[in-house]
Amino acid sequence: MHPNPTYRTALEHPIFSLISRASGNLQMDSYVIGGYVRDFLLKRGEAKDIDIVAVGSGIALAKEVAKLLPGNPKVSIFKTYGTAMLKSQGIELEFVGARKESYTEDSRNPAVENGTLEDDQNRRDFTINALALSLQSDTFGKLLDPFNGLEDLEKKIIRTPLDPEVTYSDDPLRMLRAIRFATQLDFVIEKASLDAITKNADRIKIISKERIVDEIHKILLADQPSKGFALLHKTGLLPYIFPELVALEGIEEKEGQRHKDNFWHTLEVVDNIAKATDNLWLRWAALLHDIGKAPTKRFDKQIGWTFHAHEFVGSKMVYKLFKRLKMPLNDKMKFVQKMVLMSSRPIVLATDVTDSAVRRLIFDAGEHVEDLMTLCEADITTKNPKKFKKYQNNFKLVRDKIEEVEERDHIRNFQPPVSGEEIMETFAIKPSREIGIIKDAIKEAILEGTIPNEYDAAKEYMLKKGAELNLTPVK
Ligand code: ATP
Ligand code: MG
């Protein structure tokens, strides 16, 4: 047990003494609690959002703080929750009155009544999130840690202050938060918690999709996202969120032929890509790149296991999955679809890298061609070091070739070198099928390498194609 150490250095920012003064004015006790304290002790860098508990009205304290701050910032009040928020100098302050909570079966929104600091610490999700620092002038910076959260921080353990069965059943979002914190902080969830999560997994049904997705984003953005997905899998939460991934698990063997386990493979790919990029949506693409493999899996006596058109099927599944999870069906979703759809294209190129195939790849991938290469490189999970090196080298060749071809042919943001208007003027024709045919022929000729991506060559090619269509130039 630690004898309540004091952490004044956590409260060096002038905002804390100001809040202390405001509490004093109202003769109210207040504490910094939760993420800020945890992250300070973990030396995770100073958080930009700070939670304050007032033993009394959080809203009143927020107003008093605003009054003392230069510029008197606006206080946003959330009456139903009894909380208030204000922003000052890039810091977001959340105020809440200390409370006691009681839950009912069908909702994660509890009935609340005023309580003590202890009551408030009791309602917190994890011991490491219940740590509070005093803002009273005589005990400024003193740690209040009724559940030994400090020890859990040192031992890297996720544990609930109260009975885990009750904690997770009351608010099932905490199951995802436990897994998210374990992943982000590289902590272990203690056994009683893990068992309670497993037992209550189906309670996740009462959590809104938006909240679930928030946590999944955070898991995906961790250094090693596989940790989180392995925990979702182990606790039985995964089928409620990503049945598509569950369907990838397992290895089948027929006539001595086996395919790899595409679930565990996918998790490796996600970890690989996490080392290469912080782009959340590229990480989503890695997570979903093989989901089309479950519905397309076939066994063929001649060629063995096949997943014909899994990329196409997978990209369609991305839409359904985003829709089911109430994620925005916007350009981010289209990006993920595109990455999934194209995820095998560079692999084909790796063995036979022709200029025209590279031009087509750049044309189809457009501005996302580098992201696509990053995904393909992350997809190499072979445990054979020779093969690993070989595949990596092949992709390096493709990357070099992409650069060389792009520098010469400028396919990346392809604009037709001859416009539709010019075709119409040249042959004195109205908008018609022929214009599309000619434009398409020019594009094809450029991608094939029949002509360079230049105006003069394209114009000449237009005249030739026009003649084939019995069109006569008028100028
Ligand atoms: P981060 O901001 O890095 O996600 P955090 O711990 O600050 O971590 P918040 O969601 O900002 O997390 O919540 C602030 C605090 O509120 C937490 O530290 C915890 O004490 C409490 N809390 C948040 N969500 C819950 C919950 N579902 N059940 C119980 N306590 C919670
Ligand atoms: Mg926070």
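Let me begin by describing the structure that accompanies this report. Quick caveat: nothing in here was measured; it's all calculated off a predicted structure. (Residues numbered from 1 in each chain as written. Chains lettered and ligands numbered in written order. Predicted model: local features only at pLDDT ≥ 70, side-chain atom pairs only at ≥ 80, totals over all residues. Heavy atoms only, no water.)

**A short note on the site of ligand 1**
- Residues in close proximity to ligand 1 total 16 residues, the closest being R38, N129, D171, R174 and R180.
- Contacts to ligand 1 include R177, whose side-chain N or O atom sits 2.9 Å from an oxygen atom.
- Between ligand 1 and R180, the relevant distance is 2.8 Å, taken from an oxygen atom to a side-chain nitrogen or oxygen of the residue.
- For ligand 1, whose accessible area on its own is 580 Å², the fraction buried by protein is 79%.
- Put simply, ligand 1 lies in the largest pocket.
- Among the elements that line the shell around ligand 1, the one with the most residues is helix α7 (residues 173–185), at four residues.
- Taken together, the residues of the shell around ligand 1 break down into one nonpolar, three polar and 12 charged.
- Each of domain 1 (8–155) and domain 2 (157–241) contributes no fewer than three residues to the shell around ligand 1. (Near = heavy atom within 4 Å. Polar contact = N/O pair within 3.5 Å; in protein donor to acceptor, adjacent residues only side chain to side chain. Areas by Shrake-Rupley, 256 points an atom, 1.4 Å probe, with all protein chains shown as cover. 1 Å grid on protein atoms, 1.4 Å probe; cavity = no way out; pocket = protein on both sides within 12 Å on 5 of 7 lines; lining within 4 Å. Sits in = over half its atoms within 2 Å of the grid points. Helix = DSSP H or I, 4+ residues; strand = E, 2+ residues; numbered from the N terminus. Nonpolar A, V, L, I, M, F, W, Y, C, P; charged D, E, K, R; others polar. Domains from an automatic or database assignment.)

**Concerning unusual backbone geometry**
- One non-glycine residue, Q89, lies in the positive phi region at around 50 degrees.
- One can find Q89 in the loop between β4 (83–88) and β5 (91–97).
- Of note in this structure, A428 is not a glycine but carries a positive phi near 50 degrees.
- Relative to the helices and strands, A428 resides in the loop between α22 (420–427) and α23 (433–448).

**Here's the deal with the sheet that holds β5**
- Taken in spatial order, the seven strands make up an open sheet running β3-β4-β5-β2-β1-β8-β9, and their pairing is mixed. With one partner strand each, in any of the chains shown, β3 (76–78) and β9 (143–144) form the two edges of the open sheet.
- Strand direction decides the pairing type here: β4 and β5, joined by six bridges, are antiparallel. Residue pairing in the sheet places S88 in a bridge with I91 of β5. (Pairing = 2+ DSSP bridges.)

**Section: the layout of surface pockets**
- Space inside the largest pocket adds up to approximately 1800 Å³.
- Lining the largest pocket we find 48 residues, and of these D51, R123, R124, R177 and R211 sit closest to its centre.
- At the level of elements, α2 (35–41), β2 (49–55), α3 (58–68), β5, β6 (99–102), β7 (111–114), α7 and α9 (209–220) are the ones that each hand at least two residues to the lining of the largest pocket.
- If one sorts the elements of the lining of the largest pocket by residue count, α7 sits on top with six residues.
- A class-by-class count of the residues in the lining of the largest pocket yields 13 nonpolar, 13 polar and 22 charged.
- Domain assignment of the residues forming the lining of the largest pocket places at least three in each of domain 1 (8–155) and domain 2 (157–241).
- Lining the second largest pocket are 26 residues, and of these K260, I347, D379, I380 and Y391 lie nearest its centre. (Points joined across faces, edges and corners; volume = space filled by probe spheres on them.)

**Overview of the pairing of strand β15 (residues 304–307)**
- The pairing of strand β14 (residues 297–300) with β15 spans four bridges and is classified as antiparallel. Among the inter-strand pairings, F299 is bridged to a residue of β15, identified as W305.
- Following β14, the chain reverses through three residues before pairing antiparallel with β15.

**Quick word on the environment of E454**
- Mapped onto the elements of the fold, E454 is located in the loop between α23 and α24 (455–468).
- E454 gets classed as partly exposed once you look at its relative accessible area, which sits at 47%.
- Once the C-alpha coordinates of E454 and P416 are considered, the two residues, 38 residues apart in sequence, prove to be 9.3 Å apart. (Buried < 20%, exposed > 50% of the residue type's maximum accessible area, 1.4 Å probe, protein only.)

**Regarding α23**
- With 16 residues, α23 extends 22 Å between its outermost C-alpha atoms, agreeing within 8% with the 22 Å of an ideal straight helix rising 1.5 Å per residue.
- All of the buried residues in α23 are I435, I438, A441, I442, K443, A445, I446 and L447.
- In this fold, the buried residues of α23 make contact with α19 (355–365), α22 and α24.
- G449 sits one or two residues past α23 and shows a positive phi near 95 degrees. (Expected span 1.5 Å × (residues − 1). Contact = heavy atoms within 4.5 Å.)

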